[in-house]
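Overview (structure and organization)
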Amino acid sequence: MRYLSTRGLPDDPRPGFWDILLEGLAPDGGLYLPQNYPQADDQTLDRWRHVLATEGYPGLAQAVLSLFIDGIDPADLRRLCELAYGPGVFSSPEVVPVSELDGGLWLAHLSGGPTAAFKDIAMQLLGRLFEFELGRRGRGLTILGATSGDTGSAAEYAMRGLAGIRVFMLTPAGRMTPFQQAQMFSLDDPSIVNIAVDGVFDDCQDLVKEVSADLAFKHRYEIGAVNSINWARLVAQVVYYVAAWLRVSTTGGPVSFAVPTGNFGDIMAGHVARMMGLPIDTLVLATNENDVLDEFFHTGVYRVRSAAETRATSSPSMDISKASNFERFVFDLLGRDAGRVRELFADRLVAEGMFDLSGTPEFQTLRQRFGLVSGSSRHADRLAAIADVDRRDGVLIDPHTADAVTVARRHVQPGVPMIVLETALPVKFAATIEEAVGRRPERPARFDGLEDRPRHVVEMPDDVATLKALIAERVSR
Ligand SMILES: *Cc1c(COP(=O)(O)O)cnc(C)c1O
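Residues numbered from 1 in each chain as written. Predicted model: local features only at pLDDT ≥ 70, side-chain atom pairs only at ≥ 80, totals over all residues. Heavy atoms only, no water.

**Here we look at a negative patch on the surface**
A surface patch of negative charge is lined by Asp198, Asp202, Asp206, Glu210, Glu459, Asp462 and Asp463. The element that contributes the greatest number of residues to the negative patch is helix α7 (residues 201-213), accounting for three residues. Counting through the fold element by element, Glu210 comes out in helix α7. (Patch = residues over 30% accessible without salt bridge, like charges linked within 9 Å, V, L, I, M, F, W, Y side chains within 5 Å. Areas by Shrake-Rupley, 256 points an atom, 1.4 Å probe, with all protein chains shown as cover. Salt bridge = Lys/Arg side-chain N within 4 Å of Asp/Glu carboxyl O. Lys, Arg positive; Asp, Glu negative; His and termini not counted. Charge placed at Lys NZ, Arg CZ, Asp CG, Glu CD. Helix = DSSP H or I, 4+ residues; strand = E, 2+ residues; numbered from the N terminus.)

In structure tokens form, the structure reads like this:
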């Protein structure tokens, strides 16, 4: 499988999976996608059903991933999948178990990983792929990132102890939930450096950009990222769409998915699965009050928001102003016309902060061709959904999952199971749960005493020279 950029030219080289693994954006500023979507016909789907039943989630992961990844011995790929998804990493041996709710809904539980959020699923595999490829190339990797919550901790838990990899993760001092802080800062590992910056999340992100802009420094200290545009993260997520379909649709009929959406990563993986031929009827995109994407799917106008216009909500991992993976979907929407994508994302969006596809035939036929619908949910909807699912099903869901349940209920069709992706455990957002149902969520035993563990964090002013000095000191050690 070869990859192309959403902004590429016809004669551009087409790199393979391992070449794009360690890169972020394509050199032209676009995002990588496979040059075509491998097709899973009925026979393939039957085979996958058998593989999941006999070899479990790691076997299915290998089967699906092998369609996208050349240049690795099948036994090696299998071993990496076993390391990422084998015993002890996720709380269920099924990795992504499903459960049925009232009213035609199902939950696919993506939050059984070490940090209780779905980002673990992709990060666990990414860490193993990195370690494997760095070993082949005989080099190391310094992951430098900024996080306001889930991504940073998922990255740290996935990368710790892996050969050749160290992580520097910036967080805005005092601005994460106590649980999120404890989860990251309790990690005691010489290759993990937690940094609390005296500033807000945007300051942290600016520091990362400033360090990365110093190309000599970046090269010398082997600096890279694990952000949400990484293709390997997306492709890892395709696997659980297949697993959830296999588990819910025992007869092979179609299902729909509802996805709590921020950067359009999770639902993009659903789009890829649908393009491969997985029987997905509808993909329901759910946003919170930050409804940039819902606005696009209703009006055809994509207008990014400024940081100041981005609201802090009770489903904070979806508080985005600009959906970093959206360009990938627009590329497919426009018939893979890279010239038009370049014009929209490199010119129009930069100059005007928006673009409008409402008058185009592509937008008008979007729903029929891609099965994608959207809706948004507010704080009160979230609380109501949490209370409702608790009352009807005796199950507590987290606020992000609640956004998806709210929007999913508007789109349920008789005879088509609606699978809501559960993206976090309620324990991470205890205050909102308590507001909804009047009691704190139960805490899985593996998180007992988390906040009491010793904290490992370096406090730092918002200053790039201090950050560079810290990296230089720790990496050469
Ligand atoms: C990251 C995250 C999301 C949003 O996922 P995207 O891939 O950015 O759309 C939803 N819920 C939770 C809990 C998350 O951590």
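From this point on, the discussion continues.
**What to know about the site of the ligand**
Residues in close proximity to the ligand total 15 residues, the closest being Lys119, Asp150, Gly262, Asn263 and Asp266. A distance of 2.5 Å is found between an oxygen atom of the ligand and a side-chain nitrogen or oxygen belonging to Lys119. Isolated, the ligand exposes 380 Å² of accessible area, and the fraction of that covered by the protein chains is 96%. Broken down by class, the residue content of the shell around the ligand amounts to five nonpolar, seven polar and three charged. (Near = heavy atom within 4 Å. Polar contact = N/O pair within 3.5 Å; in protein donor to acceptor, adjacent residues only side chain to side chain. Nonpolar A, V, L, I, M, F, W, Y, C, P; charged D, E, K, R; others polar.)

**Some points on the nonpolar core**
Ranked by internal contacts, the top residues of the largest apolar core, which has 118 residues, are Tyr241, Phe264 and Phe326. Here this core takes 15 residues from helix α9 (residues 231-248), the largest share from any one element. If we skip the residues at most four places from it in the chain, Phe326 touches Asn263, Phe264, Leu293, Phe296, Phe297, Tyr302, Phe345 and Phe355. Residues Leu105, Val373, Ala402 and Val405 belong to the second largest nonpolar core, which totals 22 residues. (Core = buried A, V, L, I, M, F, W, Y, C linked by side-chain atoms within 4.5 Å. Buried < 20%, exposed > 50% of the residue type's maximum accessible area, 1.4 Å probe, protein only. Contact = heavy atoms within 4.5 Å.)

**Describing the sheet that holds strand β6 (residues 165-172)**
The parallel open sheet is built from five strands, whose spatial order is β8-β5-β6-β7-β15. This sheet does not close on itself; its edge strands, each paired only once, are β8 (223-224) and β15 (458-460). Of the pairings in the sheet, the one linking strand β5 (residues 141-146) to β6 comprises six bridges and is parallel in character. Counterpart to Leu144 in the pairing with β6 is Phe168. With respect to the sheet, helix α4 (residues 119-137) is in contact with β5 and β6, its orientation differing from that of β6 by roughly 140°. (Pairing = 2+ DSSP bridges. Axes fitted to C-alpha atoms, helices over the stretch in contact; angles between N-to-C directions.)

Geometric values such as these leave the question of function open.
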